[in-house]
Amino acid sequence: MPSRASTVTRQRDLLAQGYTSRSIATAIKQGALERVSRGLYRVSGAGDRITEKHTYVQVAKLVPQGVFCLVSALAFHELPVQNAWKMQIALPRPAHEPKVGFVPVEYLHLSEEPYRVGVEEYKVEGTTVKVYSPAKTVADLFKFRNRYGVDLALEGLREVWRKRRATVKELHRCAKVCRVEKIMQPYLEAVIS
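Residues numbered from 1 in each chain as written. Predicted model: local features only at pLDDT ≥ 70, side-chain atom pairs only at ≥ 80, totals over all residues. Heavy atoms only, no water.

Some remarks on the packing of helix H6 (residues 134-143) against helix H8 (residues 150-162)
A pair of packed helices is characterised by two quantities: the angle between their axes and the separation of those axes. Spelled out, the test is: Lines fitted to the C-alpha atoms define the axes, with helices restricted to the stretch that makes contact. Angles between their N-to-C directions range from 0 to 180 degrees. A run of H or I in DSSP counts as a helix once it spans at least four residues, and a run of E counts as a strand once it spans at least two, with each numbered from the N terminus. Oblique is the label for any angle not under 35 degrees, not over 145, and not in the 65 to 115 range, which are roughly parallel, roughly antiparallel and roughly perpendicular in turn. By the definition used in this description, the sense in which the near helix is turned from the far one sets the handedness, with an anticlockwise turn below a right angle giving left-handed and a clockwise turn giving right-handed. Any pair of residues with heavy atoms lying within 4.5 Å of one another is described as a contacting pair. In this classification, Asp, Glu, Lys and Arg are treated as charged, Ala, Val, Leu, Ile, Met, Phe, Trp, Tyr, Cys and Pro as nonpolar, and every other residue, Gly included, as polar.
Orientation of H6 relative to H8, taken along the N-to-C sense of each, is 160 degrees, at an axis distance of 8 Å. As the angle between them shows, H6 and H8 are arranged roughly antiparallel. Viewed along their axes, H6 and H8 form a crossing whose handedness is left-handed. Contacts from Pro134, Val138, Leu141 and Phe142 of H6 reach H8 at Leu152, Ala153, Leu154, Gly156, Leu157 and Val160. By residue class, the composition of the contact of H6 with H8 is nine nonpolar, one polar and no charged.

Structural data, given as structure tokens:
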């Protein structure tokens, strides 16, 4: 039987543990596993451990080097500014974009430093989920303001500041990494004053 530490498991992890395609099929028939999507399975008996962040767990299993960003990161940190209809995931440049069949995913490819800075890791349902910090998320919203709008970036900044989820120093540091210091500065001054 697969480990019950996590609520979901990948097919490649099962194969690495010595399972075969046939034994996986048998486990599905016997109810020990449930197929979520291609290459991803839910472990039976995990129902009591499934949280509201279960979709993040599933996507994190399929995209292990991905970091949840932008609106997906705000939602993870319970800083909702609008409904996220896609999971937004940052990948290092260049990286393969894994297919995720059960939820729409939008990938953003970042250079090394912007990809690496501000990553926070959370253990959710036995799986490591990587999400950008609130300060890095705000800086990213300003960086991609032409794609998603300045209003969304400003709304994210207001929400992060209102709930005291980032300091001015953290916001400045992340703005510098994302090269949006000058753009973000007047908005930051207006929000904190």
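With respect to the sheet that holds strand S2 (residues 33-37)
Selection rule: Paired strands, as defined in this entry, are two strands with at least two bridges between them according to DSSP.
Sheet architecture is open: three strands sit in the order S1-S3-S2, paired in antiparallel fashion. Here the strands that pair on one side only, and so sit at the sheet edges, are strand S1 (8-10) and S2. Strand-to-strand twist across the sheet, computed as the mean angle between neighbouring axes with direction ignored, equals 35 degrees. As defined by bridge partners, S2 adjoins strand S3 (residues 40-43) across four bridges and the pair is classed as antiparallel. The partner of Arg35 across the bridge, within S3, is Tyr41. Strands S1, S2 and S3 of the sheet are contacted by helix H3 (residues 54-62), whose axis makes an angle of about 15 degrees with S1.

Some remarks on the nonpolar core
Here is the rule we go by: In these notes, a set of buried Ala, Val, Leu, Ile, Met, Phe, Trp, Tyr and Cys residues joined through side-chain atoms within 4.5 Å is what counts as a nonpolar core. Note on exposure labels: buried denotes an accessible area under 20% of the residue type's maximum, exposed denotes more than 50%, and partly exposed covers the range between, all computed with a 1.4 Å probe on protein chains only.
Tyr132, Val138, Phe142, Leu157, Leu171 and Met184 are the most contacted members of the largest nonpolar core, which totals 33 residues. If you list the elements that add at least two residues to this core, you get helix H4 (70-76), strand S6 (105-110), H6, H8, helix H9 (168-177) and helix H10 (181-192). Top element by residues in this core is H8. It accounts for six residues. Not counting the four nearest positions on each side in its chain, Phe142 is found in contact with Ala153, Leu154, Leu157, Val180, Ile183, Met184 and Tyr187. In this structure, Leu40, Val63, Met87 and Leu91 belong to the second largest nonpolar core, which totals 20 residues.

Some remarks on the pattern of salt bridges
Note that side chains of opposite charge can pair when their charged atoms are close. As a reminder, the rule being used: Throughout this description, the term salt bridge denotes a Lys or Arg side-chain nitrogen within 4 Å of a carboxyl oxygen of Asp or Glu.
For the structure shown, the criterion picks out seven salt bridges. A salt bridge links Asp140 to Lys136; the nearest nitrogen and oxygen atoms lie 2.9 Å apart. In this pair, Asp140 and Lys136 are both assigned in helix H6, four residues apart and thus about one turn of the helix distant. Here Lys163 makes a salt bridge to Glu159, at a shortest N to O gap of 3.7 Å. A relative accessible area of 36% means that Lys163 is categorised as partly exposed.

Some thoughts on the packing of aromatic side chains
This is how the line gets drawn: The rule is short: rings of Phe, Tyr and Trp, with Trp giving its six-membered ring, pair when the centres are within 6.5 Å, and they are stacked under 30 degrees, edge-to-face over 60, tilted in between. A ring is considered to have a charge above it if a Lys NZ or an Arg CZ atom is located within 6 Å of its centre and within 35 degrees of its normal.
Going through the model one piece at a time under the given rule, you end up with four aromatic pairs. Pairing Tyr56 with Phe68 gives two aromatic rings, centres 4.8 Å apart and planes at 70 degrees, and the pair type is edge-to-face. Of the two residues, Tyr56 is situated in helix H3 and Phe68 in strand S4 (residues 67-68); the sequence distance between them amounts to twelve residues. Of the two residues, Tyr56 and Phe68, both sit in the buried class. A network of ring pairs unites the aromatic residues Tyr56, Phe68, Phe76 and Tyr122 as a single cluster. Seen from the ring of Phe76, Lys53 lies directly overhead, with NZ or CZ sitting 5.0 Å from the centre. The ring of Tyr132 has Lys136 sitting right over it, with the charged end atom 3.9 Å from the ring centre.

This is a description of form; function is not addressed.
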